[in-house]
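# Observations on the three-dimensional arrangement
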Amino acid sequence: MAGPVPVATSLSDIYTVDAIAPQAKRWNNLLTKFKSTYGHQPEFVARSPGRVNIIGEHIDYSLYSVLPMAITADAILAVSTTGISSAKEGSYKIKIANVQDAKFPAHEFDIPYDAVEIDATVHEWTNYFKSGLRGALELLRKKRGADFRPKSMEILMDGTVPAGGGLSSSAAFVSASALAVMVANGEHTVDKTELTELAIVSERAVGVNSGGMDQSASVFSERGSALFVSFTPHLNARPVSFPRTNPQLTFLIAQSFVTADKFVTGPIHYNLRVVECTLAAAYLNAALNPPGTPLPADASPLSISLHTFHETYFALSEQDSKITSLPDQLNHLLTLVKSTLTKSEGYTREEIAAVLNISVDELNSQFTSRFPVRAERFKLRQRALHVYSEALRVFQFMALLEKTPEGDDTSEYNAQLGNLLNATQDSCREEYECSCPEIDQLCSIARKAGSYGSRLTGAGWGGCSVHLVPADKVSAVKEAWQKEYYSKLDLTEEQKEVAVVVSRPGSGSAVYKVE
Ligand code: NG1
Ligand code: MG
């Protein structure tokens with residue numbers, strides 16, 4: 001799966017057949033608008049898609065494997081490096097505009113060679129470009145030397161991944177931006193792993209302490225397949241195809257239209273969960289491993305994770321080192337969590353610091369300073385139960401995909417897949433508390449109308465849901481949602497367009513050369 005980001009010569013290299021016609025119109029609009037904005041045509045277009053997550057929710061930052069799938073919606077950036085001559089001494093110029101110029105006004109930046117300033121306290125759309133730019137420059141400096149000077153760029157962007165919708169609009173934009181900067185500065189081949197790793201680190205600059213699932217799905221996905229992404233011992237992604245089933249299964253994505261803006265709610269939602277999982281790992285390590293056992297630093301956002309506790313525990317404990325298979329280890333960890341983290345009301349900083357044998361100040365500086373969180377108690381038990389049980393469900397889902405269902409009626413097999421998705425939704429709602437009433441409603445409506453499995457996708461707290469629906473039930477599910485959910489919202493025409501989409505597994509990042 002490693003290797004260079006492909007250079008596309010036609011849209012049929014990028015999109016599934018059903019998407020070609022509408023995308024051709026959209027791309028022509030981008031190229032025409034670029035010309036009218038900058039007076040000449042672009043040299044290339046950098047593209048990176050959003051993703052839906054099939055299963056493995058809120059476990060990527062704990063370094064457990066996940067199963068996302070790229071969608072058609074993407075970020076496309078048309079770029080030229082020839083148009084700008086006059087950049088201020090010691091700096092280069094970035095002109096960036098958006099086809100939706102009313103919503104996202106154009107900007108012009110004179111950026112000094114030595115640093116890309118990003119003010120993460122303001123919610124400015126161009127910050128996502130800047131975070132990709134910053135990441136790409138770090139990589140280019142590694143390749144070209146510290147005194148490398150980036151070129152000025154003219155950019156026009158069009159993003160169709162709904163923002164704050166759980167479909168990774170941010171990762172699509174950051175990945176496409178980093179790719180654009182690499183190509184603009186003469187990188188003829190951009191390695192997918194390098195691009196993904198820099199996009200993961202860059203995105204944290206915008207204030208969300210995220211895992212690496214979205215950027216991996218955005219860069220590595222191959223048309224027609226889902227993507228199995230592992231993060232340790234190093235980043236790895238491989239395409240996964242779905243066996244033929246009868247009835248044929250489709251993935252429906254349904255918007256809740258509850259905007260979940262991780263940027264704003266981080267301290268009580270997303271970034272708090274990252275802290276709770278990290279504290280749970282440190283607590284379990286202090287309680288169950290020999291005193292003073294260090295957890296090795298890893299690639300997780302706070303550099304220790306429930307995964308590092310998992311590995312350390314089984315490497316150290318004689319009596320349990322005979323448990324070698326992943327599912328057996330995960331089941332054992334669930335038992336340990338239940339008997340060790342017994343307080344359902346959560347743990348205070350004082351209680352955790354006492355077990356870790358550090359002061360509360362040390363706890364705050366080590367775990368809650370880089371990304372501030374607001375909580376009196378940390379629900380270590382519930383978050384650890386979700387992470388280990390979700391990692392187990394991913395394993396079980398993958399085991400099912402590797403089996404080819406017998407017979408011509410595979411509804412039993414389909415139901416097994418769906419039951420795992422439903423179990424994920426239950427765990428997200430009950431243990432991880434990242435669902436919301438609207439998503440729960442969309443899921444129960446869909447299940448009643450024929451969905452095998454329904455769950456939130458992405459960070460949750462609103463945004464999108466994903467549903468495993470047999471082809472012959474798609475219209476019944478859509479009608480039920482329309483009648484019982486969407487008809488109660490006053491949606492714009494544009495919102496009605498994107499309320500429900502059939503998600504076909506799309507391709508990942510690509511560079512399109514404009515002749
Ligand atoms: P969304 O909010 O759907 O882009 C976020 C994280 C992922 C992962 C999911 C939950 C970012 C950029 N991405 O995805 O790393 O943790 O939540 O599984 O925040
Ligand atoms: Mg996102």
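It should be noted that the structure appears before, not after, this text.
These numbers were taken from a predicted model, which means no experiment stands behind them.

## Description of the nonpolar core
- Among the nonpolar cores identified, the biggest contains 135 residues, and L67, L77, F129, L306 and Y388 are the most heavily contacted of them.
- For this core, the element with the highest residue contribution is helix α12 (residues 380-402), accounting for twelve residues.
- Sequence-distant contacts of Y388, that is, excluding residues within four places in its chain, are made with Y64, L284, L306, F309, H310, L330, L333, L334 and V337.
- If you look at the next biggest cluster of nonpolar residues, it comprises 18 residues, including L11, Y15, L30 and Y512.

## Concerning the packing of aromatic side chains
- For the structure shown, the criterion picks out 15 aromatic pairs.
- With a centroid separation of 5.3 Å and an interplanar angle of 70 degrees, the aromatic rings of Y61 and Y270 are classed as edge-to-face. One end of the pair, Y61, is in the loop between β2 (44-55) and β3 (67-80); the other, Y270, is in helix α7 (residues 270-288), with 209 residues separating them in the sequence.
- Ring pairs connect the aromatic residues F104, W125, Y128 and F173, which therefore count as one cluster.

## Details of helix α15 (residues 474-484)
- Within the span of α15, buried status applies to V474, V477, A480 and W481. Angularly, the buried residues of α15 cover 135 degrees about the axis, an arc narrow enough to put them on a single face. Residues of α15 that are exposed and point over 90 degrees away from its buried face: E479 and K483.

## Observations regarding the site of ligand 1
- Lining the immediate environment of ligand 1, one finds 18 residues, of which E57, D60, D214, K262 and Y270 sit closest.
- A distance of 2.8 Å separates an oxygen atom of ligand 1 from a polar atom in the side chain of R51.
- Y270 places a polar side-chain atom, nitrogen or oxygen, 2.6 Å from an oxygen atom of ligand 1.
- Bound to the protein, ligand 1 loses 98% of the 430 Å² it would expose on its own.
- The class makeup of the residues in the shell around ligand 1 is five nonpolar, seven polar and six charged.

## Considering helix α13 (residues 411-430)
- Between the first and last C-alpha of α13 there are 28 Å, a value that for 20 residues agrees with the 28 Å anticipated at 1.5 Å per step.
- Among the residues of α13, Y413, N414, A415, L417, G418, L420, L421, N422, T424, Q425, S427 and C428 are the ones counted as buried.
- On its buried face, α13 is in contact with β2, β9 (249-255), α12, α14 (437-449), β12 (453-457) and β13 (464-470).

## Topic: the sheet that holds β13
- Pairing is antiparallel across the open sheet formed by four strands, whose spatial order is β12-β13-β9-β14. Each edge of the sheet is formed by a strand with only one pairing partner; in this case those strands are β12 and β14 (500-503). Across the sheet, the axes of successive neighbouring strands diverge by a mean angle of 25 degrees, strand direction being ignored.
- Two strands pair when backbone bridges link them, and β9 and β14 are joined in this way by four bridges, in the antiparallel orientation. The residue of β14 that forms the bridge with F251 is S503.

Quick notes on the rules
- Residues numbered from 1 in each chain as written.
- Chains lettered and ligands numbered in written order.
- Predicted model: local features only at pLDDT ≥ 70, side-chain atom pairs only at ≥ 80, totals over all residues.
- Heavy atoms only, no water.
- Core = buried A, V, L, I, M, F, W, Y, C linked by side-chain atoms within 4.5 Å.
- Buried < 20%, exposed > 50% of the residue type's maximum accessible area, 1.4 Å probe, protein only.
- Helix = DSSP H or I, 4+ residues; strand = E, 2+ residues; numbered from the N terminus.
- Contact = heavy atoms within 4.5 Å.
- Phe/Tyr/Trp six-rings, centres within 6.5 Å; stacked < 30°, edge-to-face > 60°.
- Arc of directions from axis to C-beta.
- Near = heavy atom within 4 Å.
- Polar contact = N/O pair within 3.5 Å; in protein donor to acceptor, adjacent residues only side chain to side chain.
- Areas by Shrake-Rupley, 256 points an atom, 1.4 Å probe, with all protein chains shown as cover.
- Nonpolar A, V, L, I, M, F, W, Y, C, P; charged D, E, K, R; others polar.
- Expected span 1.5 Å × (residues − 1).
- Pairing = 2+ DSSP bridges.
- Axes fitted to C-alpha atoms, helices over the stretch in contact; angles between N-to-C directions.

Distances and angles like these do not, on their own, reveal function.
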